[in-house]
Structure formats: structure tokens, C-alpha cells
Amino acid sequence: MIKLTIDNKIIEVAEGTTVLDAARMLNIEIPTLCHHPKLTPFGGCRLCIVEVKGVPRPLTSCTTPVSEGMEVVTSTPAIEDLRKTVLELILSDHPNDCMICEKAGDCALQELAYFYGIKENRLEGERRIYKKKDGNPFIERDMEKCILCGRCVKVCEEVEGVGAIDFTYRGFQSKICPTFEKDLDCEFCGQCIAVCPTGALTGKAWKQQGRIKDTRETETTCGYCGCGCSLTLHVRGNEVIKIDSREDTINEGWLCVKGRFGYTFINSPDRLKKPLIKRNGRFEEASWNEALDYIAERLKKIKKEHGPDSIAGLSSARCTNEENYLFQKFIRAAIGTNNVDHCARY
Amino acid sequence: MGTGGIAAGGAEVINAFRTELEASGIKAAVSENCSMHKVGCRGLCAKDVLVDVIINNNKTTYQYVKPDMVSRIVKEHIKKNTPVSEWVAGEDYHNFHKKQLKVVLSDCGSLDPEDIDAYISGKGYEAARKILTSVKPEDVIGIIKASGLRGRGGAGFPTGVKWEAAMKQSAKQKYMICNADEGDPGAFMDRSVIEGNPHAVIEGMIIGAYSIGADKGYVYIRAEYPLAVDRLRKALSDARTKGFLGKNIFGTKFNFDIKVKLGAGAFVCGEETALIASIEGQRGMPRAKPPFPVYSGLWGKPTVINNVETLANVPYIIRNGAQWFASFGTEKSKGTKVFALTGKIKNSGLIEVPMGIPLREIIYDIGGGPEDGKLLKAVQTGGPSGGCIPADMLDTPVDFESLAKVGSIVGSGGMVVLDEDNCMVNVAQYFLQFTQMESCGKCVPCRIGTKRLLEILDRITKGAGKEGDIELLEKLSSDIKAASLCGLGQTAPNPVLSTIKYFRNEYEAHLQGKCPAAVCKALLTYYILEEFCKGCGACIRACPAKAITGEKKKLHKIDPAVCIKCGACFDVCKFKAVKKE
Ligand SMILES: Cc1cc2nc3c(=O)[nH]c(=O)nc-3n(C[C@H](O)[C@H](O)[C@H](O)COP(=O)(O)O)c2cc1C
Ligand code: SF4
Ligand code: SF4
Ligand code: SF4
Ligand code: SF4
Ligand code: FES
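Please read these numbers as outputs of a predicted model, since none were measured by experiment. (Residues numbered from 1 in each chain as written. Chains lettered and ligands numbered in written order. Predicted model: local features only at pLDDT ≥ 70, side-chain atom pairs only at ≥ 80, totals over all residues. Heavy atoms only, no water.)

Draft legend 1. Fine view of the overall build of chain B. In terms of helices and strands, chain B carries 25 helices and 15 strands. Judged by the C-alpha coordinates and their principal axes, chain B covers about 90 × 70 × 40 Å. Intrachain contacts of chain B at a sequence separation of at least 6 include 69% that bridge at least 24 residues. Surface exposure of chain B reaches about 23600 Å², of which carbon and sulfur atoms provide 52%. When the 76 basic and 64 acidic side-chain charges of chain B are each reduced to a single mean position, those positions are 3 Å apart. (Helix = DSSP H or I, 4+ residues; strand = E, 2+ residues; numbered from the N terminus. Contact = heavy atoms within 4.5 Å. Areas by Shrake-Rupley, 256 points an atom, 1.4 Å probe, with all protein chains shown as cover. Lys, Arg positive; Asp, Glu negative; His and termini not counted. Charge placed at Lys NZ, Arg CZ, Asp CG, Glu CD.)

Right under this line is the structure:
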């Protein structure tokens, strides 16, 4: 164990802990933008700088491991002044878009600009303008809002093991890109959206569907496969407008393309709303009573003539979990067979 | 010959000598009395190609040799032993060498760098043999520490201390890396050392690797140095053949081999953590330190990274002793330093001087002073991370501490001489353009901050500077220095700060619409002086914008609204009647 003081408070932590983590254990707030607890430290945004006694220049707390007897001060006028300059620099190269940005209200950059009261900017100058938009089907990549925190690059490499995107170019023109600036063509897990602190990465599916503050959250379990990831449905009125997952879940907040984006069928106009019965080789609309009677009659007859094991049931991940529960109950209890399956397995 | 000599026509000159000697029928003499060596660079680029003719130990050096001069040299000098006096290198050439002190470059320019036996015959690899067969690693480190050798890659970190830290690591796998990425504009020290004496670098690496306990080494060298790469590769393979690299070196249990890794020409890849990332196959972006590479470097293993010149010093220190090396230089900066002397100076080239030599001696005694009798304004040292030292501080000794004290650095050894025709705002702008372009983009203060510095400098040089811009430059500079992640951002504002510190008046003049050195186009006006104009019409014909009017033999006039400030009239007027201000 290593003993150190942060803002005059003594704490003992395991070797290898960063100064930032130690400070958080003491409930000391340090602003961060590029840090993500699940990813390797980056040290690019420079907001988490602190003063360490005996070290002539400020150190980034997210990258600096604790050492015995270290004396850390997390906030001084000089440090706050540097943080302000850094924020002004970021905002000088950022569209003034909060009013129409998907991320507003949930944006780490907006939050910091608010706390540091940045309105006038001494450091105005050229801004990166990108005309070409990424034509992929799922992820809105607005690189003008990108602050190059590198989180998306890291999550794609370290968590997803894909490496679809990386830093390209140099200097002011640095940019996160898929290979050769082509349209993104990857797993579309959306992990990068989940870790992006700004509105640079958002889901195309939830564009202009509603502000997060106006939604109810419903916790549920994904039915697409047997992993059973926890989902948070963001519901506005009676519509699911976005899905994500909390970090304190069994799946640590990570999802796959289906779990994250596979919900737009819920309110799709193409959905079946009435039962269809095949007559003379063609599907025809029928009433619910007619359909249910027909099914009951046929199932009973087959069961009677060939026994329950001649029947098998297969249900869909696009039904609710409750419906899927009832369906297997029906096959097992009412039909009397274990011949039942589903893509998440029963 | 180095790259510079070859560009100046060295290869052609050698061929001319070969054919000429053969044709003159003194073939026998060639093999018996004369031997022609291709030697490394000997520094005086401005006078390339240099040729030594040695007859019975009498050496004569010719300067500016061209292939068509060879026949006369052969006829008169080699055959009749009467040197062609008007081509013999003069006082300048000898002055250039007088105040220099050569350690690292001592064999550059006399040894054939492509011949390992030439290096061996001059005691080459003896130091490594002695160390590996009879000296304990901690004692080697003791010698290096006692010599006072400090890193020549920029920061001046004590080499012995670095090696000791790596030696003390218990990891089984360690690495020794030579940093030959040299990316500062105008710098060619490390390139010349590798081109001129690659075996000294290899021998230094063997000694270093043995002391820290590394069995694998890398030379990270930029691909834009093809000659250096070729010579290095040949030297490595020759050393391998002789058994100086590989398994059981000198019959000991020590194994060590070196790989060459080519860099793609990013300045930031000279930064040690970026260099490591690049060897690992990632984008060359620095990471925060601590942990330092001696604890966790290449693939997480203890790694020592040393500059080319640092390593090339090592065999000479072992051969001649720590005391010998420590007898040169100042109390804290020992030994010598190689500089690339360029800019507005008569004798530009590669020089090696004892640490602590006054800047004045470098500029005037070695460099011969500014060109064309112009007034010296400042000396820029340390490349884009360095600063400008004004002419009235020329007595500053050139060592790590003294240069830091005046706001510049020794750096890797670039030295650019600026004269009255250089605009200091323009100089700062030039370096900022470079650092902004080479910023890796990882951290905010450097990526966006240097861009904003550059924009402010741009507007000042365009006459659009605002009140408060100088103060804003100072504030932003100091914030970028304090908040940036790596050495690039931490030093990028130095050219701005040091030019403001010593030449604030030039900045202020720009804000008032004047460029005192008449460099910044937007602030210039061209006009014709009545008392000198002869009305010859030359300027009218030269002006591409048709901005000049005037009848023959009468005063001509430039219309400032039409003038595009190209300077054609200024250049063409024989009577110096055109002025720019
Ligand atoms: C932006 C940047 C560029 C650098 N470029 C070089 C270089 O080209 N060559 C070099 O030897 N060191 C360079 N350095 C310094 C290295 O990081 C490192 O300190 C040095 O190689 C250590 O060797 P030394 O102790 O022998 O000086 C650079 C540092 C920075 C921050
Ligand atoms: S990313 Fe954040 S700061 Fe930027 S426009 Fe969107 S809400 Fe505003
Ligand atoms: S969606 Fe997933 S695979 Fe695609 S870039 Fe983002 S993190 Fe990588
Ligand atoms: S896209 Fe988002 S996560 Fe990726 S670097 Fe930009 S701001 Fe960071
Ligand atoms: S200071 Fe510049 S070069 Fe260094 S990490 Fe930051 S952006 Fe990259
Ligand atoms: S959070 Fe530490 S540098 Fe960004």
C-alpha cells in the first residue's frame, strides 16, 4: 500500500493506483474529458492536471501513478487558470451548436464550459470544417465536435478488439478516421458512442427524437442473445427513442449492434398489426378470434394424432421478454413438450 | 563524403580523379603511392568539394573542387609536385578548424566509414572488447558518470545516471535504443556522425547494452537519410561478421544485436515515448511520463534511449579515460558538442567545439562572421524548441546551463545565424509553422494552442495585429509550456517568448504597421528616390503589375495601390533608387 496526501487529506491506496482514482476515493472532484475508467490512460485533454510537491510542472492525475509520501494539490489559482485556457482552446475549435446538438444536457464539454463560465473567448481562430459526412447506417460522426480525446479509438481497440478508427493527420488537422477516410464499416457495436464525451458520435436512430431529460428510463434485459446484457430504454411518451446501458451492469455498459440499435422495429409502420392466415397459397388478413381459433384447433388435432413431441415452438427476440416467457410456458405446459427455442435460448 | 559532399558533386570528382590518373598512365603510382579514400564529412559544407592530396606525408587541401579541375591538379601537383596554389584552401579553411575540438568527429573525414578495418586499425572496438572482457557493468557506469557525459539529444540528462537506473531493473528483457530521428529543421549532426563514423555509434551501443544488461538494440533512423541508413546497415553487417554483434561477443557470455527501424519523418517521433510507440507499430504519439522508459519502455520493458552523438562519445571516453573527457567543457557541461552552423554566416557547416566556448568565438572565429559584412542580429540555437540569443549577448558561453539562463537551449545542436535582414516576428512564425505542423495532435495546448499562436503571429506580420496581441502571445505561450504533454509542446513557444523578450520593439513596430527588417510583405512600401532615379525605365519593364509610370529620363513613380510588392523593381534598379520600407 502507498500512503500519500491529496489536498491535505491522507489516503492509503494500492500500488499502481492513479492520483485521479485516489482523489475520487476521497470524493475530491477533478475535471476530466479524456479519462475513462475502463480504458488505458491517455493524458490528452490536460484538464486533470494537479500540482505535486517537488515536481516543477503540473502532472496529469489520470496518468500519474501514486508514490509514497506524494503531496498533491488538486486546485490552485494557477491550475484553474491553465484549465480555463485549455477549455477556451477546445471551445475555440468547436461549433457553437449546443442548441441543436443531440448531446446537449448530457455533454461533458458543455458541463465544463458551464462550470468554468466560458462565454467570451480570447483565443478565437480558425475552426475545422468537414463537409463530407460519414455514410454508415448507424453512427452519426460529426468530427467538427470531436475533441480528440481518443476514447472511441481506445474502446474500439481495447474493448471491442476491432480497431476500426484511429488518429490521422497531424497538428491542428488531426482527425479520428476510419481507414483512408472511408465510410465507417465495422461491427457497429456503438461502444464508441457510449464513451464519447461530446456530441461528435451519436446514433442516427435517435436523431431529433427527444432530449434525454424528457425521457423515462426503463431497465430491461436484452433478448437478442443468451448473454443477457442489461439495457436502459429511454422512453419518451410511449416510444423507445434510444437504448444504452449503464456501466454498473453485468455487461459493464458494453452492447452489440443489435442491443444498441435493434429497436426501431418497435414503432415501424411496416409491422404486422393483424394476424394473417394462408389460404390458397396466399396470406390473408384475419381477425384475432379467427386466427386464435384456427391455431387452437390445428394444434389440438396434431397433438392428439401425433403426440405433443410432434410440435415445436420457435419464438422471436423481437417479442418482449414477458411474451417470450409466456410462449415457452404455453409450449411446455399447454402443449406438453420441451421442443421450444428462441435465439436467446430457453 | 557525407550527403552534403555528394550533393556538391563529390562522387563526380572521385570519378574524375580515377579516370584522370588511369589515363595519365600512372596506374602503378595509384596503387603504390596514392590511395583515394572516400571519407566522411569534415564539416565545411560551404567549401565542398574538399580534396586532400598527400604526397610523402605532405598534405594539401583543395576547396570547391569540380570535375573539370581534376586534370590540372593531377598534371601539376601529382605529377610535378607543384600544387595549384589558387585552388588551395585558404585561411578560412584553417580558421574553421582552429578553435574546434573534435571528439565525436575526430575520425569523421579521415576514416572510410564503409570500411570496418579502417575503424579497427584506429583502435576501433578495443574499448568494447576491454569493457566486455574485463570490466563489471557497474564500473562502466562509474566511468561514464565520472566523465560527466550528458545526453546530446536535447535535455542533457546525465547518461551514467540513466544507465544506472536501467541496470538496477531486475527485468530479464531490456532494450538499448539509439535515437537517430533528428528532425529539427537545419540539423544534420547525427546524420553526419552516422555517415562518417557509424562504428563509433555501434560500439557505444554495445558498451551501453552491456552495462544495462540489454540483449536487443534498435537504431531508430529517419528514412530520409538514405546514405546514413546504407552505411549503418553495412556497418552492422560487418560488425556481425567480425563477431562484435550477435552471440558470445568477444568470447564472453554477452549477446547483443541491433535492428534498424526506419522512421517516417515525423519530428515528434524523436521524443522517446513516441519513438517507442513507433517501434511498437503504433502511431508515433508521446505518452505521459512517469513511468520513464528506463522503468517501462519498449513493450513495457526497461529501455535506455540515447542520442547518436551521446553514444558516439562513449568509445572515446572508454579509450581515453573519464578524466580526459571531463577535462573539456565547463563544470556541469563536460566534453564537446557538435553544432550545425547555418544561416547568414560565411563558413556554414558542421562544427565540434568544447562546451562553454563563447558564442562569439563560434560565430566569428570559426564561422567567419555574417555574410557580406552584414550586421549580426541574433543566433538561434536549439531548433524549434530553442530561442534567439541577441547579438549583444554573444559572450554567453555555449553550455547547457548558460543557454538555458538566457532563454534558449543547446538542444540537439542547431545553430542558425540571423542578420539585420531577418525579421524576428517572421523567424518566430517560421518555427511555429513547423511545430504546429509536427504536433502529434494528442494534447489540447499543443494541438490548438500552437495554432492560435501561429494565427496571432500571422496577423501581426500581415499588419492586422491587435492591441494586446503581444501580451496574449506571452500568456498563451506560458500556458502551452506549462500544460502540454511532451517536450514538443512544452518548448514550442520558446521561439516566440525569446524573440519577444529580446526584440519586443520589432513586435511593437509591426503593430504600428512597420517591419523594421523589411521582410513582412504586407507591411512594405516600395518607392523611388528622386535623387537617385535616372529615369532609365528598367523598373517599368520589370514590374509585372504595371504599377510604375514615368517618362524616359524623368522621375519614375510606383503606385502603391497597384504594387504587389514582388520586389522586381528593387532587384533590377542599378542606381539603388528603389527603396523598400
Ligand atoms: C519533439 C522532440 C523531438 C526530439 N527529437 C530528438 C531527436 O531527433 N534525436 C534525439 O536524440 N533526441 C530527440 N529528442 C529527445 C529524446 O526524447 C530523448 O530525450 C533523447 O533521445 C535521449 O537521449 P540522450 O539522453 O542521449 O540525450 C526529442 C525530444 C522531443 C520532445
Ligand atoms: S458536443 Fe457538447 S458542447 Fe458541443 S455542441 Fe454538442 S452539447 Fe454543445
Ligand atoms: S461501432 Fe464498435 S466496432 Fe465500430 S468503430 Fe465504434 S467501437 Fe469500433
Ligand atoms: S469522437 Fe468522441 S470519443 Fe472519439 S475522440 Fe472525438 S470526442 Fe473523443
Ligand atoms: S505536446 Fe504536442 S506533440 Fe506532444 S503530445 Fe501534446 S500534441 Fe503531441
Ligand atoms: S483526463 Fe487526464 S488528461 Fe484528460
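Draft legend 2. The arrangement of the site of ligand 2 in detail. Around ligand 2 lies a shell formed by His94, Asp97, Cys98, Cys101, Lys103, Ala104, Cys107, Gln110, Thr198 and Gly199 of chain A. The residue inventory of the shell around ligand 2, partitioned by class, reads four nonpolar, four polar and two charged. (Near = heavy atom within 4 Å. Nonpolar A, V, L, I, M, F, W, Y, C, P; charged D, E, K, R; others polar.)

Draft legend 3. Structural view of the sheet that holds strand E10 (residues 216-221) of chain A. All names here are of chain A. Spatial strand order, E10-E11-E12: three strands in an open sheet with antiparallel pairing. In the strand order of this sheet, the two ends are held by E10 and strand E12 (239-244), each with one partner. Averaged over all adjacent pairs, the angle separating strand axes in this sheet is 35°, with direction ignored. (Pairing = 2+ DSSP bridges. Axes fitted to C-alpha atoms, helices over the stretch in contact; angles between N-to-C directions.)

Draft legend 4. Seen up close, the sheet that holds strand E5 (residues 257-263) of chain B. Residues and elements named next belong to chain B. One open sheet accounts for four strands, arranged E5-E4-E3-E6; its pairing is parallel. In this open sheet, the two strands that pair with only one neighbour each are E5 and strand E6 (303-307). Here the strands of the sheet are splayed against their neighbours by 20° on average, with no regard to which way each runs. The sheet contact formed by strand E3 (residues 175-180) and E6 spans five bridges and is parallel.

Draft legend 5. Representation of the interface of chain B and chain A in the model. Counting residues at the interface gives 32 residues for chain B, matched by 33 residues for chain A. Its largest share of buried area at the contact with chain A, chain B owes to Arg283, Arg447 and Arg452 of chain B, together 21% of the area lost on that side. Counting every contact that joins chain B to chain A gives three salt bridges. Residue Lys475 of chain B pairs with Asp81 of chain A through a salt bridge whose shortest N-O separation is 2.5 Å. Looking at the side of chain B that touches chain A, the elements that each hand over two or more residues are helix H18 (424-438), helix H19 (444-447), helix H20 (449-461) and helix H21 (469-483) of chain B. Ranked by residue count, the leading element in the side of chain B that touches chain A is H21 of chain B, at seven residues. Taken together, the residues of the side of chain B that touches chain A sort by class into 15 nonpolar, seven polar and ten charged. (Buried area = accessible area lost by both parts, 1.4 Å probe. Salt bridge = Lys/Arg side-chain N within 4 Å of Asp/Glu carboxyl O.)

Draft legend 6. How the structure looks around the site of ligand 1. All names here are of chain B. In the neighbourhood of ligand 1, 18 residues make up the surrounding shell, with Gly153, Lys162, Glu182, Asn307 and Thr310 lying closest. One of the backbone N or O atoms of Gly153 is found 2.7 Å from an oxygen atom in ligand 1. Separating an oxygen atom of ligand 1 from a side-chain N or O atom of Asn307 is a distance of 2.7 Å. Burial of ligand 1 by the surrounding chains reaches 90%, relative to a free accessible area of 610 Å². Mapped onto the shell around ligand 1, the elements with two or more residues apiece are E6 and helix H22 (487-491). For the shell around ligand 1, the element with the highest residue contribution is E6, accounting for three residues. Looking at the shell around ligand 1 residue by residue, the classes come out as three nonpolar, nine polar and six charged. (Polar contact = N/O pair within 3.5 Å; in protein donor to acceptor, adjacent residues only side chain to side chain.)

Draft legend 7. Seen up close, the domain arrangement of chain A. Segmentation of chain A into domains returns domain 1 (2-75) and domain 2 (309-346). Look at where the C-alpha atoms of domain 1 of chain A and domain 2 of chain A centre, and you get two points 53 Å apart. (Domains from an automatic or database assignment.)

Draft legend 8. Examining the pattern of salt bridges more closely. All names here are of chain B. Using the criterion set out here, one finds 53 salt bridges over all chains in the structure. With a closest N to O distance of 3.5 Å, Lys99 and Glu361 form a salt bridge. Of the two residues, Lys99 sits in the loop between helix H5 (91-98) and helix H6 (116-121) while Glu361 sits in helix H16 (residues 359-366), which places them 262 residues apart along the sequence. On the basis of relative accessible area, Glu361 is assigned to the partly exposed category, the value being 25%. Glu164 serves as the salt-bridge partner of Lys168, at 3.9 Å between the closest nitrogen and oxygen. Through salt bridges with shared partners, a single ionic network connects Glu471, Glu474, Arg504 and Glu508. (Buried < 20%, exposed > 50% of the residue type's maximum accessible area, 1.4 Å probe, protein only.)

Draft legend 9. Structural detail: the pairing of strand E3 (residues 49-52) of chain A. Across two bridges, the pairing between E3 of chain A and strand E4 (residues 59-60) of chain A is antiparallel. Of the residues in E4 of chain A, the one forming a bridge with Ile49 of chain A is Thr60 of chain A.

Draft legend 10. Quick peek at the packing of helix H2 (residues 77-92) of chain A against H21 of chain B. Two elements in contact, H2 of chain A and H21 of chain B, have axes separated by 10 Å at closest approach and are oriented at 105°. Put simply, H2 of chain A runs roughly perpendicular to H21 of chain B. Taking contact as the criterion, the partners of Asp81, Leu82, Thr85, Val86 and Leu89 of chain A in H2 of chain A are, on H21 of chain B, Lys475, Leu476, Asp479, Ala482 and Ala483 of chain B. By residue class, the composition of the contact of H2 of chain A with H21 of chain B is six nonpolar, one polar and three charged. (Parallel < 35°, antiparallel > 145°, perpendicular 65-115°, else oblique.)

Draft legend 11. Looking closely at the packing of helix H11 (residues 198-212) of chain B against helix H14 (residues 308-320) of chain B. All names here are of chain B. Where H11 meets H14, the closest approach of the two axes is 7 Å, and the angle between their N-to-C directions is 75°. By the angle class used here, H11 and H14 are roughly perpendicular. Of the residues in H14, those in contact with Ala200, Val201, Glu203, Gly204, Met205 and Ile207 of H11 are Val308, Leu311, Ala312, Val314, Pro315, Tyr316, Ile318 and Arg319.

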